[in-house]
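# Coordinate analysis (summary)
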Amino acid sequence: MLGLFSNSILSPPDELVAAGSRTPSPKITSAALMKRFLGSNASAVSMQIGDDAHLAYTHSKESALNPRSFAVKDEIFCLFEGALDNLGSLKQQYGLAKSANEVVLVIEAYKALRDRAPYPPNHVVGHLDGSFAFIVFDKSTSTLFVAADQSGKVPLYWGITADGYVAIADDADLLKGACGKSLASFPQGCFFSTDVGELRSYENPKNKITAVPATEEEIWGAKYMVEGPAVVAATE
């Protein structure tokens, strides 16, 4: 799956901008990246959402245990990859039909967060048990919400294209040749919301997340680390 978002929705993360500046490498534009994705996946589906967001996905080469799915409801678009072990109980919690799948559940969970605040984002994501990564884009509010599971069973990556779009994908190779060193693995057990404006750990939401510059030999420009309680206490 692939999501592309302009800086009117999401400002490129400073640490990824810095990583690309330290070690400039070839990049391509967001349009060229989407063209590459669609060209390499004959069954791919893409959606242009207004002027500033573009989503695409394919069932090609997906894992049988962690399939990809897409849904849209009330201008909320969601790409989901993975499987939830507690889907049944969550469907009951949110009053969903037995036929509802993971992507529908995530949309409903996001709507609960948006419409019945003050639910904190970590409370909603923290109830998901299983392997997953997802991208939610709310066109009505231009809000982006991204999360990955705690054990990294479904990998997720993000980077910056040549024209300053933030690219989010489940395929590292797709982004390697598109984002140069402005590229990192999305940290497991974390979420990003444009409402919050930064990365947060949903297991330890008060713990700071820092970006450690990667070595020249690594494909990444930075690695995100969630600081432990002892580290946080030491800095207070």
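Here is what the cut-offs are and how they apply
- Per-chain numbering applies: the sequence of each chain, read as written, is numbered from 1 onward.
- Given that this is a predicted model, residues contribute local features only at a pLDDT of at least 70 and side-chain atom pairs are listed and counted only at 80 or more, while totals for whole chains, interfaces and linings are drawn from all residues.
- For side-chain calculations, the full set of non-hydrogen atoms in the structure is used, while hydrogens and water are omitted.
- Numbering of helices and strands starts at the N terminus; helices are DSSP runs of H or I of at least 4 residues and strands are runs of E of at least 2.
- Only the C-alpha atoms count toward the radius of gyration. The rule for a globule is 2.2 Å times the residue count to the power 0.38.
- Three labels apply to residues, based on accessible area from a 1.4 Å probe with only protein chains included: buried if under 20% of the type maximum, exposed if over 50%, partly exposed otherwise in between.
- The contact rule is simple, with two residues in contact once any of their heavy atoms fall within 4.5 Å.
- Computed with a 1.4 Å probe, the accessible areas rest on the Shrake-Rupley method; for each residue, only the protein chains presented here act as cover.
- A residue counts as positive if it is Lys or Arg and as negative if it is Asp or Glu; His and the chain ends are not included.
- Every charge is mapped to an atom, namely NZ of Lys, CZ of Arg, CG of Asp or CD of Glu.
- Whether a set of points on the 1 Å grid over the protein atoms alone is a cavity depends on a 1.4 Å probe fitting there but being unable to get out, while an open set qualifies as a pocket with protein on both sides within 12 Å along at least five of seven lines; lining residues are those with an atom within 4 Å of a point.
- Grid points are joined across faces, edges and corners, and a volume is the space filled by probe spheres set on the points.
- Polarity classes work like this: nonpolar for Ala, Val, Leu, Ile, Met, Phe, Trp, Tyr, Cys and Pro, charged for Asp, Glu, Lys and Arg, and polar for all others, with Gly in that last group.
- Here a strand pair is declared whenever DSSP counts at least two bridges between the two strands.
- Throughout, an axis means a line fitted to C-alpha atoms (over the contacting stretch in the case of helices), and angles, computed between N-to-C directions, take values from 0 to 180 degrees.
- Only buried Ala, Val, Leu, Ile, Met, Phe, Trp, Tyr and Cys residues count toward a nonpolar core, and they belong to the same one when joined by side-chain atoms within 4.5 Å.

In the nomenclature of an unreviewed UniProt entry, the protein chain is known as Stem-specific protein TSJT1 of Heracleum sosnowskyi.

### Things to note about the overall build of the protein chain
Regarding its fold elements, the protein chain presents 7 helices and 14 strands. For 236 residues, the compact-globule estimate of 2.2 N^0.38 gives 18 Å, and the protein chain sits close to it at 17 Å. By principal-axis analysis of the C-alpha atoms, the protein chain measures approximately 50 × 50 × 35 Å. When the 236 residues of the protein chain are sorted by exposure, 51% land in the buried category. If you take every contact in the protein chain between residues at least 6 apart in sequence, the share linking residues at least 24 apart comes to 59%. Total accessible area on the protein chain is roughly 11,000 Å²; 51% of this is exposed by carbon and sulfur atoms. Within the protein chain, the 27 negative side-chain charges are centred at a point lying 3 Å from the centre of the 20 positive side-chain charges.

### Points about the environment of Ser 182
Note that Ser 182 resides in the loop between α6 (172-179) and β10 (183-185). Residue Ser 182 is classed as buried on the basis of its relative accessible area, which comes to 1%. Remark: the alpha-carbon pair of Ser 182 and Val 17, spanning 165 residues in sequence, is separated by 5.9 Å. Those residues in contact with Ser 182 that sit more than four places away from it in its chain are Leu 16, Gly 20, Lys 27, Trp 158, Gly 159 and Ile 160.

### Observations concerning empty space enclosed by the protein
Tallied over the full model, the rule gives 1 cavity of 30 Å³ or more. Considering only enclosed or pocket space, the largest cavity measures out at about 80 Å³ in volume. Surrounding the largest cavity, Leu 105, Val 106, Ala 109, Tyr 110, Leu 113, Val 124, Val 125, Leu 128, Phe 134, Val 136 and Phe 145 form its lining. If you list the elements that add at least two residues to the lining of the largest cavity, you get α4 (102-115), α5 (121-125) and β6 (130-138). In the lining of the largest cavity, the residues fall into 11 nonpolar, no polar and no charged.

### As for the sheet that holds strand β11 (residues 190-193)
Strand order across the open sheet formed by 6 strands is β4-β5-β6-β7-β11-β12, with antiparallel pairing between neighbours. Each edge of the open sheet carries a strand with a single partner, namely β4 (68-73) and β12 (198-201). When strand polarity is set aside, the average angle formed by the axes of neighbouring strands in this sheet is 15°. Looking at chain direction, strand β5 (residues 76-84) and β6 are connected through 9 bridges and run antiparallel.

### Some words on the nonpolar core
In this structure, Phe 5, Leu 55, Leu 144, Trp 158, Ile 168, Phe 186 and Leu 199 are the most contacted members of the largest nonpolar core, which totals 31 residues. Mapped by element, the contributors of at least two residues to this core are β2 (45-49), β3 (53-57), β5, β6, β7 (143-148), β8 (157-160), β9 (166-169) and β11. Dropping the residues within four chain positions of it, Ile 168 is found in contact with Met 1, Leu 2, Gly 3, Phe 5, Ile 135, Leu 144, Val 146, Leu 156, Tyr 157 and Trp 158. Judged by nonpolar contacts, the second largest core, of 26 residues, contains Val 103, Val 106, Phe 134 and Tyr 202.

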